[in-house]
Amino acid sequence: MIRQTLIATAATMSLGLPAFAADLIDKVSPHSVTVTMDRLSAAVEGAGATVFARVDHAAGAAKVDMDLRPTELLIFGNPKLGTPAMLDGQTAGLDLPLRVLAYADDKGIVHLSYHAPATLAETHGLPADAKYIQMMTGALDKLTSKAIAEE
């Protein structure tokens, strides 16, 4: 595991990217941050998962008289997937429920970003081939793809 982390770090450094970028999934949305998150929230609930919180970081910044481009975080999950992960490594609870960030960059392009679930296995010593990791990966891809669809 340490060797894989070192290889991934070396690979990202050779590309000039931060080490965490290798595990960060980033999709571009044609919608505003708010609409993207509304769509993601609806997709999550439509799939039977629970939205635990929605954090508007820009609103928080405004409360302390600071400007931040639109930035929202959705925290959601399904205990049927998260509980087995925590049974295999209870510290996985630090990174669960899942989180997806939507933000507008300095060009106004809206991004939908999240950590690849495989990082749970690496970080918390979970089996890399665990079914719940595969299911989280598929669910995050499907849900975020729905959120950014042009329909």
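Draft legend 1. The overall build of the protein chain, seen in detail. When helices and strands are counted, the protein chain shows six helices and five strands. Listed by position from the N terminus, the elements making up the protein chain come as α-β-α-β-α-β-α-β-β-α-α. Counting only residues that meet the buried cut, the protein chain has 36% of its 151 residues in that class. Taking all contacts inside the protein chain whose residues are at least 6 apart in sequence as the whole, residues at least 24 apart take part in 66%. With an accessible surface of roughly 8900 Å², the protein chain has 60% of that area assigned to carbon and sulfur atoms.

Draft legend 2. Spotlight on the packing of helix α4 (residues 79–88) against helix α6 (residues 131–148). At their nearest, the axes of α4 and α6 sit 9 Å apart, and the two run at 140 degrees to each other. On the basis of the axis angle, α4 is oblique to α6. Considering the relative orientation of α4 and α6, their crossing is left-handed. Side by side, α4 and α6 meet where Leu-81, Gly-82, Pro-84, Ala-85 and Asp-88 of the first sit next to Tyr-132, Met-135 and Met-136 of the second. Among the residues forming the contact of α4 with α6, the class breakdown is six nonpolar, one polar and one charged.

Draft legend 3. Quick look at unusual backbone geometry. A cis amide bond, omega 0 degrees, links Leu-96 with the succeeding residue Pro-97. Examined against the element boundaries, Pro-97 turns out to sit in the loop between α4 and β4 (98–104). Residues other than glycine seldom take positive phi values, yet Asp-65 does so here, at roughly 55 degrees. Note that Asp-65 resides in the loop between α3 (57–63) and β3 (71–77).

Draft legend 4. Local environment of the packing of helix α2 (residues 33–46) against α6. Two numbers describe how α2 lies on α6: the axes approach to 8 Å, and their chain directions differ by 135 degrees. One element, α2, and the other, α6, form an angle in the oblique class. Where α2 crosses over α6, the two elements pack in a sense that is right-handed. Along its contact with α2, which presents Thr-36, Arg-39, Leu-40, Ala-43 and Val-44, the element α6 presents Leu-143, Thr-144, Lys-146, Ala-147 and Ile-148. Tallied by class, the residues present in the contact of α2 with α6 amount to six nonpolar, two polar and two charged.

Procedures and definitions
Residues numbered from 1 in each chain as written. Predicted model: local features only at pLDDT ≥ 70, side-chain atom pairs only at ≥ 80, totals over all residues. Heavy atoms only, no water. Helix = DSSP H or I, 4+ residues; strand = E, 2+ residues; numbered from the N terminus. Buried < 20%, exposed > 50% of the residue type's maximum accessible area, 1.4 Å probe, protein only. Contact = heavy atoms within 4.5 Å. Areas by Shrake-Rupley, 256 points an atom, 1.4 Å probe, with all protein chains shown as cover. Axes fitted to C-alpha atoms, helices over the stretch in contact; angles between N-to-C directions. Parallel < 35°, antiparallel > 145°, perpendicular 65-115°, else oblique. Left-handed = near helix turned anticlockwise from the far one by under 90°. Nonpolar A, V, L, I, M, F, W, Y, C, P; charged D, E, K, R; others polar.

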